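# Coordinate analysis (summary)
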Amino acid sequence: MSVVNQFSQRLGSNQVVTPAASSATIAINQQDKAVRLVNSGANICYVRIGEGAATTADIPVRANSEIIIRKSTEDTALSHISASGTTLNVATGEGGI
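None of these values were measured; they are calculated from a predicted model.

Cut-offs used in this document
- Residues numbered from 1 in each chain as written.
- Predicted model: local features only at pLDDT ≥ 70, side-chain atom pairs only at ≥ 80, totals over all residues.
- Heavy atoms only, no water.
- Pairing = 2+ DSSP bridges.
- Helix = DSSP H or I, 4+ residues; strand = E, 2+ residues; numbered from the N terminus.
- Contact = heavy atoms within 4.5 Å.
- Axes fitted to C-alpha atoms, helices over the stretch in contact; angles between N-to-C directions.

Note: strand β4 (residues 34-39) against strand β7 (residues 65-70), six bridges, orientation antiparallel. Its bridge partner lying in β7, Leu37 is registered against Ile67. The pairing of β4 with strand β9 (residues 88-94) spans six bridges and is antiparallel. Counted as the bridge partner of Arg36 is Ala91 from β9.

Listed below in structure tokens is the structure:
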């Protein structure tokens, strides 16, 4: 039997961003240990957690998909970029990994 570690979102942490051709950055909660990224758009986007601008060499979030990634408690920024533009929901919390 396996135990599922479900993602528990911090209330009020959801941010909706529209990644575009130039990288943009948002603040994320320092205390949380995981970030859920939901790409509800039609194009791939790339994200970087931590310092610096996102590039196409960073974490891909494919169109119409969701990923959960672990982050350090020192990370307070998330950068995002998409060559064709898309919609990305960003929520911080615990678990899900």
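Tracing the chain through its elements places Ala20 in the loop between β2 (15-17) and β3 (24-27). Sequence separation between Ala20 and Lys71 is 51 residues, and the spatial gap between their C-alpha atoms is 23 Å. The residues contacting Ala20, other than those within four sequence positions of it, are Ile81 and Ser82.

Here the focus is unusual backbone geometry. In the Ramachandran plot, Asn64 falls in the positive-phi region, its phi being about 55° despite a non-glycine side chain. Inspection of the secondary structure puts Asn64 in the loop between β6 (59-61) and β7.

Attention shifts here to the sheet that holds β6. Strand order in this open sheet of four strands is β3-β8-β5-β6, and the pairing throughout is antiparallel. This sheet does not close on itself; its edge strands, each paired only once, are β3 and β6. When the angles between neighbouring strand axes are averaged without regard to direction, this sheet yields 30°. Two strands pair when backbone bridges link them, and strand β5 (residues 45-49) and strand β8 (residues 77-81) are joined in this way by four bridges, in the antiparallel orientation. Counted as the bridge partner of Ile49 is Leu78 from β8.

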